[in-house]
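# A look at the structure
Here is how the chains run, residue by residue.
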Amino acid sequence: EQIMGEIMHKYKPVDWDDIAGLKYAKDTIKEAIIFPLIRPEIFTGLRRPPRGILLFGPPGTGKTLIAKCIASQAKATFFSINPSTLTSKWIGEGEKLVKTMFAVATEHQPAVIFMDEVDSLLSQRSDTEHESSRRLKNEFFIQLDGAATNEEDRIVIIGATNRPQELDEAVRRRFVRRLYVPLPEMEARKQIIEKLIREVDNCLTQGQIQHIAELTEGYSGADIDSLCRDAALEPVRSISSTQMNSISAEQLRAVTMADFKNALQHV
Ligand code: ATP
């Protein structure tokens with residue numbers, strides 16, 4: 001029960017608009033995943049949806065966000081497991097946990113099971129892998145195949161990885177749908193910045209936001225998040241520790257372009 005509490009999550013609902021860019025991934029997910037979860041009676045036979053979907057791409061590009069969005073949109077129960085925790089924290093308990101998780105997910109349908117860093121569990125290490133991780137992998141396959149055979153089940157398994165090339169054929173076969181989640185393009189970077197800085201008092205013009213978006217080529221969404229957080233702290237850094245005791249939040253100066261220039265030096 002305690003373990004289930006750690007992997008069965010309540011979360012802040014995520015809307016499509018919370019995810020900047022990634023139009024192709026979003027459109028595909030709506031058609032292949034969300035609609036079938038909401039209207040299973042339409043998606044039968046030839047229209048049967050894939051059970052497993054693999055999101056791959058650089059770190060911090062919104063894979064977890066997408067998984068939460070799928071769960072929000074389908075009003076599904078959200079399970080999230082990280083295989084590295086599975087193998088280290090509950091040594092030998094991993095298989096039991098995987099089995100129980102699928103059983104609980106079946107009871108709480110529709111359900112989304114998110115497996116981050118899926119490569120760490122399901123990579124091709126046949127000669128070197130330990131007996132326990134091999135058994136874990138097998139249990140996972142059994143459960144995944146079980147969920148795939150029962151047409152009534154409304155369970156979707158979302159795997160995420162930064163190293164898709166390390167997944168073996170057996171895994172790839174089970175994640176029929178594979179979606180690339182790339183680094184954000186300029187328009188998406190701009191949207192992420194705009195949304196984040198709305199949370200603090202700032203005096204950035206549209207032109208300056210555009211400029212930050214241009215300067216952040218190669219940044220992931222998570223990098224941009226760090227950058228904005230850092231810039232938002234600049235006004236706080238500029239007050240002395242004596243002022244810190246008396247200053248009110250309203251008295252803090254607005255975040256400026258210079259703060260972003262500073263933050264860009266180290267993020
Ligand atoms: P990892 O591969 O490291 O697990 P990830 O791809 O799952 O990373 P997330 O955890 O979804 O990335 O993203 C990290 C944070 O970056 C999010 O909480 C969000 O603030 C921001 N972010 C990333 N991509 C986007 C995006 N496309 N739109 C809006 N915010 C984003």
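Up top is the structure these notes are about.
Figured I'd write up the structure that's included with this text. This is a predicted model, so every value here is computed, not measured.

## Considering the overall build of the protein
- The helix and strand tally for the protein stands at 13 helices and six strands.
- The principal-axis extents of the C-alpha atoms in the protein amount to approximately 60 × 40 × 35 Å.
- Buried positions account for 44% of the 267 residues belonging to the protein.
- Partitioning the intrachain contacts of the protein with sequence separation of at least 6 by distance along the chain shows that 80% fall at a separation of at least 24.
- For the protein, the exposed surface amounts to about 14,300 Å²; the carbon and sulfur share of it is 51%.
- Separation between the mean location of the 34 positive side-chain charges and that of the 38 negative ones in the protein comes to 3 Å.

## Quick word on the packing of aromatic side chains
- Following the criterion strictly, the structure yields four aromatic pairs and no others.
- Here Phe 56 and Tyr 180 contribute two aromatic rings whose centre-to-centre distance is 5.5 Å and whose plane-to-plane angle is 35°, an arrangement assigned as tilted. Residue Phe 56 is located in strand β2 (residues 52–56), and its partner Tyr 180 is located in strand β6 (residues 177–180); the two are separated by 124 residues in the primary sequence.
- Ring centres of Phe 102 and Phe 140 lie 6.3 Å apart, and the angle between their planes is 70°; this geometry places the pair in the edge-to-face category. Of the two residues, Phe 102 sits in helix α5 (residues 94–107) while Phe 140 sits in helix α7 (residues 131–149), which places them 38 residues apart along the sequence. Across this residue pair, the class does not change: Phe 102 and Phe 140 are buried.

## Some details on the site of the ligand
- Near the ligand, the surroundings consist of 17 residues, among which Ala 20, Gly 60, Lys 63, Thr 64 and Leu 65 are the closest.
- Between Thr 61 and the ligand, the recorded distance is 3.1 Å, taken from a backbone N or O atom to an oxygen atom.
- Taken by itself the ligand offers 630 Å² of open surface, and the protein chains cover 76% of this.
- Taken together, the elements giving at least two residues each to the shell around the ligand come down to α3 (63–73) and α11 (221–237).
- Residues of the shell around the ligand, tallied by class, amount to seven nonpolar, six polar and four charged.

## Re helix α2 (residues 23–38)
- Of all the bends in α2, the greatest measures close to 40° and is centred on Lys 30.
- Those residues of α2 that sit buried are Ala 25, Lys 26, Thr 28, Ile 29, Ala 32, Ile 33, Ile 34, Pro 36 and Leu 37.

## Considering the nonpolar core
- Judged by nonpolar contacts, the single largest core of 27 residues is most densely connected at Ile 29, Ile 33, Ile 53, Ile 66, Ile 70 and Ile 158.
- Elements supplying a minimum of two residues to this core: α2, β2, α3, β4 (111–115) and β5 (155–161).
- Top element by residues in this core is α2. It accounts for six residues.
- Setting aside residues no more than four positions away along its own chain, Ile 29 makes contact with Trp 16, Ile 34, Ile 53, Ile 66, Ile 70 and Leu 179.

The rules behind the values
- Residues numbered from 1 in each chain as written.
- Predicted model: local features only at pLDDT ≥ 70, side-chain atom pairs only at ≥ 80, totals over all residues.
- Heavy atoms only, no water.
- Helix = DSSP H or I, 4+ residues; strand = E, 2+ residues; numbered from the N terminus.
- Buried < 20%, exposed > 50% of the residue type's maximum accessible area, 1.4 Å probe, protein only.
- Contact = heavy atoms within 4.5 Å.
- Areas by Shrake-Rupley, 256 points an atom, 1.4 Å probe, with all protein chains shown as cover.
- Lys, Arg positive; Asp, Glu negative; His and termini not counted.
- Charge placed at Lys NZ, Arg CZ, Asp CG, Glu CD.
- Phe/Tyr/Trp six-rings, centres within 6.5 Å; stacked < 30°, edge-to-face > 60°.
- Near = heavy atom within 4 Å.
- Polar contact = N/O pair within 3.5 Å; in protein donor to acceptor, adjacent residues only side chain to side chain.
- Nonpolar A, V, L, I, M, F, W, Y, C, P; charged D, E, K, R; others polar.
- Bend = angle between axes of the 7 residues up to and from the residue.
- Core = buried A, V, L, I, M, F, W, Y, C linked by side-chain atoms within 4.5 Å.

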